[in-house]
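Next come the chains, spelled out residue by residue.
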Amino acid sequence: MDILGELRERFRTALAGLTDSPNPLLEMIRPAAEPKFGDYQANFAMSLAKQLGRPPRDVAADVAARARLDDLCQQVEVAGPGFINLRLRSEVLATTLAAALVDPFLGVPRPAAPRTFVIDFSAPNVAKPMHVGHIRSTVIGDALCRLLRFRGDRVVSDNHLGDWGTQFGMVIYGYKHFRRPDEYAANPVAELSRLYRLVHSLIGYHELVAELPTLKQTADDRSAAARRLADQPPASDKAEAKKQAAAAQKALRQAEEAAKALTEACEKRASFESRPDQVALAAQHASIGQAVLDEVVRLHAGDAENLRLWREFMPHCLREIHAIYERLGVTFDEELGESFYHGQLADVVADMEARGLTRESDGAMCVFLEGFDAPMIIRKRDGAFLYATTDLATIRYRVERWKPDAILYVVDHRQAEHFDKLFAAARLWGYGGVALHHIAFGTVLGKDGKPYKTRSGDTVGLEGLIDEGVRKAFAVVQENDDRKPDGSEFTAEQRAQIAETVGVAALKYADLSQNRTSDYEFSYEKMLALDGNTAAYMQYSYARVRGIFRKAGVDSATLLAGASGSIQCEQPAERALALALARFPEAIAESLADFRPNQLTVYLYDLTRKFSSFFEACPVVRAESDELRRSRLLLCELTGRVVEKGLELLGIRVVDKM
RNA sequence: GCGCCCAUAGCUCAGCCGGAUAGAGCAGCGGAUUUCUAAUCCGCAGGUCGGGGGUUCGAGUCCCUCUGGGCGUGCCA
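Reading guide: rules and limits
- Residues numbered from 1 in each chain as written.
- Chains lettered and ligands numbered in written order.
- Predicted model: local features only at pLDDT ≥ 70, side-chain atom pairs only at ≥ 80, totals over all residues.
- Heavy atoms only, no water.
- Core = buried A, V, L, I, M, F, W, Y, C linked by side-chain atoms within 4.5 Å.
- Buried < 20%, exposed > 50% of the residue type's maximum accessible area, 1.4 Å probe, protein only.
- Contact = heavy atoms within 4.5 Å.
- pLDDT = per-residue confidence, 0-100.
- Near = heavy atom within 4 Å.
- Polar contact = N/O pair within 3.5 Å; in protein donor to acceptor, adjacent residues only side chain to side chain.
- Helix = DSSP H or I, 4+ residues; strand = E, 2+ residues; numbered from the N terminus.
- Nonpolar A, V, L, I, M, F, W, Y, C, P; charged D, E, K, R; others polar.
- Salt bridge = Lys/Arg side-chain N within 4 Å of Asp/Glu carboxyl O.
- Pairing = 2+ DSSP bridges.
- Axes fitted to C-alpha atoms, helices over the stretch in contact; angles between N-to-C directions.

1. With respect to the nonpolar core
Point 1. Ranked by internal contacts, the top residues of the largest apolar core, which has 160 residues, are F11, F44, I119, F313, F584 and L600.
Point 2. When near neighbours in sequence (up to four residues on either side) are disregarded, F584 contacts L106, V108, F150, L600, Y603, V642, K645, G646 and L649.

2. Some remarks on the confidence of the model for chain A
Point 1. Model confidence for chain A is summarised by a mean pLDDT of 92, while 99% of its residues fall at 70 or above.
Point 2. Quick note on the complex model: pTM equals 0.94, ipTM equals 0.95.

3. Regarding the protein's contact with RNA strand B
Point 1. Around RNA strand B, a shell composed of 67 residues is seen, among which E27, K36, K50, R253 and Y387 lie nearest.
Point 2. If you look at RNA strand B and keep only atoms within 4 Å of the protein, 57% of those are sugar or phosphate atoms.
Point 3. With respect to RNA strand B, the side chain of Q41 contributes an N or O atom lying 3.4 Å from a base nitrogen.
Point 4. A distance of 3.2 Å separates a base nitrogen of RNA strand B from a polar backbone atom of D362.
Point 5. Looking at the surface near RNA strand B, the elements that each hand over two or more residues are α3 (45-52), β4 (83-88), β8 (364-367), α18 (462-483), β13 (520-521), α21 (535-552) and α25 (598-617).
Point 6. If one sorts the elements of the surface near RNA strand B by residue count, α25 sits on top with 9 residues.
Point 7. Class assignment for the residues of the surface near RNA strand B results in 25 nonpolar, 16 polar and 26 charged.

4. Overview of the pattern of salt bridges
Oppositely charged side chains can pair when the atoms bearing their charge come close.
Point 1. Per the counting criterion, the structure on display carries 41 salt bridges.
Point 2. With its nearest N and O atoms 2.8 Å apart, the salt bridge here joins D158 to R398. Of this pair, D158 sits in strand β6 (residues 154-158) while R398 sits in helix α16 (residues 387-402), and the two are 240 residues apart along the sequence. Exposure class is identical for D158 and R398. Each is buried.
Point 3. Across the pair R194 and E191 runs a salt bridge, and its minimum N-O distance is 2.9 Å. Note that R194 and E191 are positioned in helix α9 (residues 188-231) at a spacing of 3 residues, about one turn of the helix.

5. Section: the sheet that holds strand β1 (residues 29-31)
Point 1. The 4 strands are arranged β1-β2-β4-β3 in an open sheet whose pairing can be described as antiparallel. The open sheet has two edge strands with one neighbour each: β1 and β3 (73-79). Each neighbouring strand pair of the sheet contributes to a mean axis angle of 25°, computed without reference to strand direction.
Point 2. When β3 meets β4, the two strands line up antiparallel, connected through 6 bridges. Counterpart to C73 in the pairing with β4 is L88.
Point 3. Helix-sheet contacts for helix α4 (residues 56-66) involve β3 and β4, and the interaxial angle to β3 is about 165°.

6. Considerations on the sheet that holds strand β7 (residues 359-361)
Point 1. What the 3 strands build is an open sheet, ordered β7-β8-β9; its pairing is antiparallel. Looking along the sheet, the strands with just one partner apiece sit at the ends: β7 and β9 (376-379). Going from strand to strand, the sheet's axes swing by 50° on average, the running direction of each strand aside.
Point 2. Relative to β9, β8 is paired through 3 bridges, and the arrangement is antiparallel. Looking across to β9, one finds that M365 is bridged to R379.

What follows is the structure, encoded as structure tokens:
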């Protein structure tokens, strides 16, 4: 049973006749802020009293009486200005948990009308190695798929691969000019990756050199501006003088930043130029940037050679990223990348044109949208299409093929404006029937508060990130196993397996436990911490549950098949754990209300803490009576299952021992 | 310039649609182990929720404004 749902239904009946819109009021029934207020509290009486023009406490008492809660609550009291505090009967907890124990959905109610979601996430460029920037989309998107499916909705997960853009132009150009045939034959993925990096660095060098004069100019301008402000005589007015000082400070800071940027650029150039072979290559390929774009144009135009190379490279690139997905435990129903939509783009533009939605401007085909300064460009002056065009084609395809109720885009918050425009354009185009959501997330930052990079300023590869996490996890596993009082219990292979599970879990959990909208600071130390809100803490709780069953010599199946007997909640720690277990449905609902997996991590942390307290306070195997032992074993069993399921919904695995 | 986002304990962060005395972890301090995994538990200390104004019975949460920071901003994705 979903207790909160049941309480709301009781109050819905009680509110009949008092208000025409009970839903907002029912939303105000929630878990109690503090244990001393009970288990749940209803906060709507103050607001309802206002509407009715009656004293809030009277309204609260009246509605509480009409809700007929006696069978659910052992105590219902009106407190403060009109809060209704509710304390559940222990029998209600016991029957709720008994039902959850035999329910594959652990008490989470089935939806009356399942909906269909298309979830667009991960979407890496396949021509270059995945990096830290892909972790959030991949992990959050996967968790949302799992959560929605568990709730009973239909989900189509779609990896909208970047398989048709500039990155492929780089690889093709690299292959044509720099390939090492032997290495390509031996290890195509590594060689393609090398070619990508080489071309990328050559283009980067040329751009850097081209950019240098501008950087120098900016640095000079800012420095002059800062000096000018610093030399300004202070204003006589105090407030004005303060403002002046602040402006001078700011100008100085900007000047310093510009100078730093210039210095860094010069250092970068010097570093590149310290290798004569690189300089020679750069000189030989002076217009490599344009040449790469030309390769892309040829590919898009159907050039036989480039298309052949693209078809040859794709399987290698896909194998590379799939290896990472496998390690992360992430799968997709579809992987329809940009290339899939290529043939549909001209028609998208033609169709929108035919409907009178477009207007030509400076040679580009545009959709002008109300509320936006800049139009959405769907065909460039040179005739090429853009990602906006592909995104529109993708919406049309998805709507026609899957008829979804909603499409979710799990994409970096920096693209918010793009999606605002895209969704507005889609509505204009006639696709207003499907709900379109941008599930935005923040940036992964380094210790310096800037986007996470290696010390030399390169992006951090995702595979290396996982390896490092697993390596650090291994050290922890090893240390703890060595320290066990009865001697270590794992083989080297077991240690490695545990480390892989714990390390990957730490990485994913660290990401999922953040509010997705905020940036967060990446730290191995934090994510692999042994306590606090970390994956290891959850996994440890699960392992402890399994440990109890091993010690008790009971397995879950025989426990459940055994003679019935209800769960007791005499001890505060037992009751607190029972209540937390009964709230699993609320946690699922809360996580999906605004697509925030961190709501589930908050719940799991609360649950496992309560389990730890229970573990300390309440002996299970050595309980005073068989009845109590059985009751506690049932609590442990459900805890294990909820933790395992909760982590599974986050894409995280458990281990029996650690 | 315009637009969006952010500012909560020393640090990293929660805080749901406005609800009672703002919560965790880390770091700090003090306890607990002959006991089912101490990868743990219990306790102490730590706050002008960036400043100011407003709406409300009630504001960290909503509105206005200022300050500081991040991001985006017509032919990249």
